[in-house]
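Given next are the chains, with one letter for each unit.
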Amino acid sequence: MSTQPKKRVGVLISGRGSNMLSLIEAAKAPDYPAEIVVVGSNRPDAQGLERAAAEGFATFALDHRLYGKDREAFEQDLHAKLTEHNVDLLVLAGFLRLLTPWFVNQWQGRMINIHPALLPSFPGLHTHERALKEGVRIHGATVHFVTAEMDVGPIISQGVVPVLDGDNPEDLAARVLAVEHQIYPKALEAVASGKAKTEGFRVKIEGSTPSKETFIY
Ligand code: GRF
(Lines give C-alpha, C1' and ligand atoms only; values in the text may rest on other atoms or scores of the structure.)
Protein backbone atom coordinates (compact mmCIF):
# COMPACT_ATOMS: atom_id res chain seq x y z
CA MET A 1 0.00 0.00 0.00
CA SER A 2 1.23 3.51 -0.80
CA THR A 3 2.64 5.53 2.08
CA GLN A 4 1.75 8.78 0.34
CA PRO A 5 -1.19 10.63 1.93
CA LYS A 6 -4.31 10.45 -0.20
CA LYS A 7 -4.97 13.49 -2.36
CA ARG A 8 -8.00 15.45 -1.21
CA VAL A 9 -10.48 15.73 -4.07
CA GLY A 10 -13.32 18.16 -4.66
CA VAL A 11 -15.91 17.14 -7.25
CA LEU A 12 -18.03 19.74 -9.05
CA ILE A 13 -21.30 18.74 -10.68
CA SER A 14 -24.40 20.35 -12.17
CA GLY A 15 -26.70 17.37 -12.64
CA ARG A 16 -27.32 13.71 -11.91
CA GLY A 17 -23.73 12.92 -10.86
CA SER A 18 -23.26 9.44 -12.27
CA ASN A 19 -19.56 10.10 -12.92
CA MET A 20 -19.22 11.42 -9.38
CA LEU A 21 -20.70 8.14 -8.10
CA SER A 22 -18.21 6.13 -10.15
CA LEU A 23 -15.41 8.11 -8.47
CA ILE A 24 -16.97 7.62 -5.03
CA GLU A 25 -17.09 3.87 -5.67
CA ALA A 26 -13.48 3.71 -6.87
CA ALA A 27 -12.25 5.79 -3.93
CA LYS A 28 -13.64 3.19 -1.52
CA ALA A 29 -10.68 0.93 -2.32
CA PRO A 30 -8.16 1.24 0.54
CA ASP A 31 -5.22 1.74 -1.82
CA TYR A 32 -6.92 4.32 -4.07
CA PRO A 33 -4.67 7.41 -3.97
CA ALA A 34 -7.49 9.95 -3.63
CA GLU A 35 -10.34 10.62 -1.21
CA ILE A 36 -13.35 12.73 -2.05
CA VAL A 37 -13.71 15.40 0.60
CA VAL A 38 -16.46 17.57 -0.84
CA VAL A 39 -18.99 17.69 -3.68
CA GLY A 40 -20.16 21.09 -4.89
CA SER A 41 -22.66 22.31 -7.44
CA ASN A 42 -23.73 25.53 -9.09
CA ARG A 43 -27.29 24.16 -9.00
CA PRO A 44 -28.89 23.67 -5.60
CA ASP A 45 -31.32 21.17 -7.16
CA ALA A 46 -28.63 18.95 -8.74
CA GLN A 47 -29.67 15.34 -8.19
CA GLY A 48 -26.04 14.39 -7.61
CA LEU A 49 -25.85 16.55 -4.47
CA GLU A 50 -28.49 14.42 -2.77
CA ARG A 51 -26.76 11.27 -3.90
CA ALA A 52 -23.44 12.49 -2.46
CA ALA A 53 -25.04 13.56 0.83
CA ALA A 54 -26.74 10.15 1.08
CA GLU A 55 -23.28 8.57 0.82
CA GLY A 56 -22.17 10.76 3.73
CA PHE A 57 -20.10 13.33 1.81
CA ALA A 58 -19.90 17.03 2.60
CA THR A 59 -21.75 19.01 -0.08
CA PHE A 60 -22.34 22.63 -0.97
CA ALA A 61 -24.34 24.55 -3.54
CA LEU A 62 -23.47 27.98 -4.87
CA ASP A 63 -26.26 29.15 -7.12
CA HIS A 64 -24.52 30.95 -9.99
CA ARG A 65 -27.75 32.76 -10.87
CA LEU A 66 -27.48 34.79 -7.66
CA TYR A 67 -24.25 36.32 -8.97
CA GLY A 68 -25.74 37.66 -12.20
CA LYS A 69 -22.99 38.33 -14.70
CA ASP A 70 -20.27 38.51 -12.06
CA ARG A 71 -18.43 35.28 -12.87
CA GLU A 72 -15.40 36.20 -10.82
CA ALA A 73 -17.42 36.76 -7.63
CA PHE A 74 -19.00 33.33 -8.12
CA GLU A 75 -15.62 31.75 -8.71
CA GLN A 76 -14.03 33.47 -5.73
CA ASP A 77 -16.71 32.00 -3.48
CA LEU A 78 -16.26 28.63 -5.16
CA HIS A 79 -12.52 28.80 -4.67
CA ALA A 80 -13.01 29.75 -1.01
CA LYS A 81 -15.30 26.73 -0.44
CA LEU A 82 -12.75 24.39 -1.97
CA THR A 83 -9.94 25.92 0.03
CA GLU A 84 -11.99 25.49 3.22
CA HIS A 85 -11.96 21.76 2.55
CA ASN A 86 -8.22 21.75 1.73
CA VAL A 87 -8.86 20.40 -1.74
CA ASP A 88 -5.72 19.32 -3.63
CA LEU A 89 -7.36 18.14 -6.87
CA LEU A 90 -10.50 19.40 -8.52
CA VAL A 91 -12.61 17.09 -10.65
CA LEU A 92 -15.30 18.46 -12.97
CA ALA A 93 -17.99 15.86 -13.52
CA GLY A 94 -20.73 17.35 -15.64
CA PHE A 95 -20.10 20.84 -14.26
CA LEU A 96 -21.82 23.16 -16.71
CA ARG A 97 -20.09 26.48 -16.06
CA LEU A 98 -17.43 28.11 -18.17
CA LEU A 99 -14.46 29.00 -16.01
CA THR A 100 -12.47 32.23 -16.22
CA PRO A 101 -8.70 32.23 -16.72
CA TRP A 102 -8.36 33.42 -13.11
CA PHE A 103 -10.03 30.29 -11.75
CA VAL A 104 -8.26 27.97 -14.18
CA ASN A 105 -4.98 29.52 -13.13
CA GLN A 106 -5.66 28.80 -9.45
CA TRP A 107 -6.06 25.12 -10.30
CA GLN A 108 -3.52 24.79 -13.11
CA GLY A 109 -2.37 21.16 -13.38
CA ARG A 110 -4.74 20.18 -10.53
CA MET A 111 -8.11 20.29 -12.31
CA ILE A 112 -9.47 17.61 -14.65
CA ASN A 113 -12.63 17.29 -16.73
CA ILE A 114 -14.50 14.60 -18.60
CA HIS A 115 -15.93 15.32 -22.03
CA PRO A 116 -18.34 13.01 -23.87
CA ALA A 117 -16.42 12.80 -27.17
CA LEU A 118 -12.99 11.89 -28.46
CA LEU A 119 -11.32 15.29 -28.26
CA PRO A 120 -10.25 17.24 -30.20
CA SER A 121 -13.32 16.10 -32.17
CA PHE A 122 -16.61 17.54 -31.00
CA PRO A 123 -15.74 20.01 -28.26
CA GLY A 124 -18.73 21.84 -26.76
CA LEU A 125 -22.31 20.65 -26.49
CA HIS A 126 -24.51 18.04 -28.22
CA THR A 127 -21.56 15.77 -28.95
CA HIS A 128 -23.62 12.64 -29.63
CA GLU A 129 -25.98 14.34 -32.09
CA ARG A 130 -22.99 15.81 -33.90
CA ALA A 131 -21.14 12.48 -34.00
CA LEU A 132 -24.20 10.84 -35.57
CA LYS A 133 -24.62 13.67 -38.06
CA GLU A 134 -20.98 13.44 -39.15
CA GLY A 135 -21.23 9.67 -39.57
CA VAL A 136 -18.16 8.85 -37.46
CA ARG A 137 -17.86 5.12 -36.79
CA ILE A 138 -16.06 5.44 -33.49
CA HIS A 139 -16.88 7.83 -30.67
CA GLY A 140 -16.12 7.99 -26.96
CA ALA A 141 -15.04 10.08 -24.03
CA THR A 142 -11.95 12.00 -22.93
CA VAL A 143 -10.50 12.95 -19.55
CA HIS A 144 -8.16 15.93 -19.77
CA PHE A 145 -6.46 18.58 -17.69
CA VAL A 146 -8.40 21.84 -17.80
CA THR A 147 -6.76 24.81 -19.46
CA ALA A 148 -8.18 28.26 -20.18
CA GLU A 149 -9.65 27.18 -23.52
CA MET A 150 -12.78 25.03 -23.21
CA ASP A 151 -12.38 21.28 -23.92
CA VAL A 152 -8.70 21.71 -24.72
CA GLY A 153 -5.89 20.48 -22.49
CA PRO A 154 -3.50 17.57 -22.13
CA ILE A 155 -5.39 14.29 -22.53
CA ILE A 156 -5.10 11.78 -19.68
CA SER A 157 -7.40 9.02 -20.89
CA GLN A 158 -9.81 8.20 -23.71
CA GLY A 159 -12.35 5.41 -24.09
CA VAL A 160 -13.75 4.35 -27.44
CA VAL A 161 -17.15 2.96 -28.46
CA PRO A 162 -18.53 2.00 -31.87
CA VAL A 163 -21.36 3.96 -33.45
CA LEU A 164 -23.90 1.36 -34.55
CA ASP A 165 -26.39 1.47 -37.40
CA GLY A 166 -29.68 2.82 -36.11
CA ASP A 167 -28.17 4.51 -33.05
CA ASN A 168 -29.98 7.58 -31.77
CA PRO A 169 -28.27 10.18 -29.54
CA GLU A 170 -29.63 8.52 -26.39
CA ASP A 171 -28.23 5.11 -27.37
CA LEU A 172 -24.87 6.64 -28.04
CA ALA A 173 -24.92 8.70 -24.84
CA ALA A 174 -25.60 5.56 -22.79
CA ARG A 175 -22.76 3.65 -24.49
CA VAL A 176 -20.36 6.54 -23.97
CA LEU A 177 -21.46 7.05 -20.34
CA ALA A 178 -20.55 3.44 -19.52
CA VAL A 179 -17.05 4.15 -20.83
CA GLU A 180 -16.88 7.44 -18.87
CA HIS A 181 -17.50 5.50 -15.67
CA GLN A 182 -14.47 3.33 -16.49
CA ILE A 183 -11.98 5.97 -17.57
CA TYR A 184 -12.64 8.69 -14.99
CA PRO A 185 -11.64 6.65 -11.91
CA LYS A 186 -8.53 5.41 -13.75
CA ALA A 187 -7.55 8.91 -14.84
CA LEU A 188 -8.02 10.33 -11.35
CA GLU A 189 -5.93 7.48 -9.96
CA ALA A 190 -3.12 8.29 -12.42
CA VAL A 191 -3.19 11.99 -11.50
CA ALA A 192 -3.56 11.53 -7.73
CA SER A 193 -0.76 8.96 -7.53
CA GLY A 194 1.57 11.29 -9.43
CA LYS A 195 1.98 8.70 -12.21
CA ALA A 196 0.54 11.06 -14.84
CA LYS A 197 3.23 13.46 -16.00
CA THR A 198 2.55 16.13 -18.57
CA GLU A 199 5.23 16.73 -21.19
CA GLY A 200 3.98 19.47 -23.50
CA PHE A 201 0.62 18.21 -24.69
CA ARG A 202 1.39 14.54 -24.01
CA VAL A 203 0.51 13.01 -20.66
CA LYS A 204 2.79 10.09 -19.86
CA ILE A 205 1.42 7.59 -17.38
CA GLU A 206 4.08 5.65 -15.55
CA GLY A 207 3.58 1.91 -15.60
CA SER A 208 0.57 1.92 -17.93
CA THR A 209 0.66 -0.83 -20.54
CA PRO A 210 -1.92 -0.05 -23.19
CA SER A 211 -3.20 -2.72 -25.55
CA LYS A 212 -1.41 -2.41 -28.86
CA GLU A 213 -4.36 -3.88 -30.71
CA THR A 214 -5.76 -1.88 -33.59
CA PHE A 215 -9.44 -1.06 -33.32
CA ILE A 216 -11.01 -1.18 -36.77
CA TYR A 217 -14.68 -0.75 -37.47
C1 GRF B 1 -21.29 13.35 -18.85
O2 GRF B 1 -21.67 12.86 -20.10
C3 GRF B 1 -20.01 14.12 -18.94
O4 GRF B 1 -19.14 13.64 -19.91
C5 GRF B 1 -20.49 15.49 -19.32
O6 GRF B 1 -21.69 15.67 -18.61
C7 GRF B 1 -22.27 14.40 -18.34
C8 GRF B 1 -22.46 14.32 -16.86
O9 GRF B 1 -23.17 13.19 -16.45
N10 GRF B 1 -19.46 16.47 -19.07
P11 GRF B 1 -23.26 12.79 -14.92
O12 GRF B 1 -23.83 14.00 -14.18
O13 GRF B 1 -21.88 12.45 -14.44
O14 GRF B 1 -24.18 11.63 -14.85
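Residues numbered from 1 in each chain as written. Predicted model: local features only at pLDDT ≥ 70, side-chain atom pairs only at ≥ 80, totals over all residues. Heavy atoms only, no water.

Observations regarding the pairing of strand 4 (residues 89-92)
A regular strand carries its side chains on alternate faces of the sheet.
No. 1: Here strand 4 shows no split at all, with Leu89 and Val91 on one side and Leu90 and Leu92 on the other all buried.
No. 2: In terms of strand pairing, strand 1 (residues 7-13) meets strand 4 through four bridges, oriented parallel. Note that in strand 4 the partner of Gly10 across the bridge is Leu90.
No. 3: With three bridges joining them, strand 4 and strand 5 (residues 111-115) adopt parallel strand pairing. (Buried < 20%, exposed > 50% of the residue type's maximum accessible area, 1.4 Å probe, protein only. Helix = DSSP H or I, 4+ residues; strand = E, 2+ residues; numbered from the N terminus. Pairing = 2+ DSSP bridges.)

Let's talk about the nonpolar core
No. 1: In this structure, Val11, Ile112 and Leu188 are the most contacted members of the largest nonpolar core, which totals 41 residues.
No. 2: By residue number, the principal contributor to this core is helix 6 (residues 169-192), which donates ten residues.
No. 3: The contact partners of Val11, leaving out residues within four places of it in the chain, are Met20, Ile36, Val38, Val39, Gly40, Val91 and Ala93.
No. 4: Counting residues in hydrophobic clusters, the runner-up holds 18 residues, among them Phe60, Leu82, Phe95 and Val146. (Core = buried A, V, L, I, M, F, W, Y, C linked by side-chain atoms within 4.5 Å. Contact = heavy atoms within 4.5 Å.)

A few points about the site of the ligand
No. 1: In the region of the ligand, the neighbouring residues are Arg16, Gly17, Ser18, Asn19, Gly94, Ile114, His115, Pro116 and Glu180.
No. 2: The contact in question runs from an oxygen atom of the ligand to an N or O atom on the backbone of Gly17, over 2.8 Å.
No. 3: Here an oxygen atom of the ligand and a side-chain polar atom of Glu180 are 2.7 Å apart.
No. 4: Protein coverage of the free-state accessible area of the ligand, which is 370 Å², stands at 84%.
No. 5: Of the residues in the shell around the ligand, the class split is two nonpolar, five polar and two charged. (Near = heavy atom within 4 Å. Polar contact = N/O pair within 3.5 Å; in protein donor to acceptor, adjacent residues only side chain to side chain. Areas by Shrake-Rupley, 256 points an atom, 1.4 Å probe, with all protein chains shown as cover. Nonpolar A, V, L, I, M, F, W, Y, C, P; charged D, E, K, R; others polar.)

Brief notes about the side chain of His79
No. 1: Relative to the elements of secondary structure, His79 occurs in helix 3 (residues 71-84).
No. 2: Non-local contacts of His79, meaning those with residues more than four positions away in its chain, are made with Trp102, Phe103, Gln106 and Trp107.

Describing helix 5 (residues 127-134)
No. 1: Listed in full, the buried residues belonging to helix 5 are Thr127, His128 and Ala131. On an axial view of helix 5, the arc spanned by its buried residues comes to 95°, and they lie on one face.
No. 2: On its buried side, helix 5 packs onto strand 5, strand 6 (138-145) and helix 6. (Arc of directions from axis to C-beta.)

As for the side chain of Thr100
No. 1: Tracing the sequence through the fold places Thr100 in the loop between strand 4 and helix 4 (101-106).
No. 2: Taking relative accessible area as the criterion, Thr100 reaches 10% and is therefore assigned buried.
No. 3: Within the local environment of Thr100, its side chain forms a polar contact with the side chain of Glu75, the two groups lying 2.4 Å apart.
No. 4: The contact partners of Thr100, leaving out residues within four places of it in the chain, are Arg71, Glu72 and Glu75.

Some words on the packing of helix 1 (residues 18-26) against helix 6
No. 1: Two elements in contact, helix 1 and helix 6, have axes whose closest approach is 9 Å; the angle formed by their N-to-C orientations is 45°. In terms of their interaxial angle, helix 1 and helix 6 are classed as oblique. For the element pair helix 1 and helix 6, the recorded crossing hand is right-handed. Residue-level inspection shows Ser18, Asn19, Ser22, Leu23 and Ala26 of helix 1 in contact with helix 6, the latter providing Leu177, Glu180, His181, Tyr184, Pro185 and Leu188.
No. 2: Its residues assigned to classes, the contact of helix 1 with helix 6 shows six nonpolar, four polar and one charged. (Axes fitted to C-alpha atoms, helices over the stretch in contact; angles between N-to-C directions. Parallel < 35°, antiparallel > 145°, perpendicular 65-115°, else oblique. Left-handed = near helix turned anticlockwise from the far one by under 90°.)

Some words on helix 3
No. 1: Spanning 14 residues, helix 3 covers 20 Å between terminal C-alpha atoms, matching the ideal 20 Å at 1.5 Å per step.
No. 2: Every buried residue belonging to helix 3 is among Phe74, Glu75, Leu78, His79 and Leu82, and all of these are buried. Axial view of helix 3: buried residues confined to an arc of 135°, hence all on one face.
No. 3: In this structure, the buried side of helix 3 is in contact with strand 1, strand 2 (34-41), strand 3 (59-61), strand 4 and helix 4. (Expected span 1.5 Å × (residues − 1).)

Some remarks on the packing of aromatic side chains
No. 1: Per the counting criterion, the structure on display carries three aromatic pairs.
No. 2: When the centroid spacing of 5.5 Å and the interplanar angle of 75° are considered together, the rings of Tyr67 and Phe74 count as edge-to-face.
No. 3: For Phe74, a relative accessible area of 5% translates into the label buried.
No. 4: Ring centres of Trp102 and Phe103 lie 6.4 Å apart, and the angle between their planes is 55°; this geometry places the pair in the tilted category.
No. 5: By relative accessible area, Trp102 is classed as partly exposed at 26%.
No. 6: According to the relative accessible area criterion, Phe103 is buried, its value standing at 0%.
No. 7: An aromatic cluster of three or more residues is present, and its members are Trp102, Phe103 and Trp107. (Phe/Tyr/Trp six-rings, centres within 6.5 Å; stacked < 30°, edge-to-face > 60°.)

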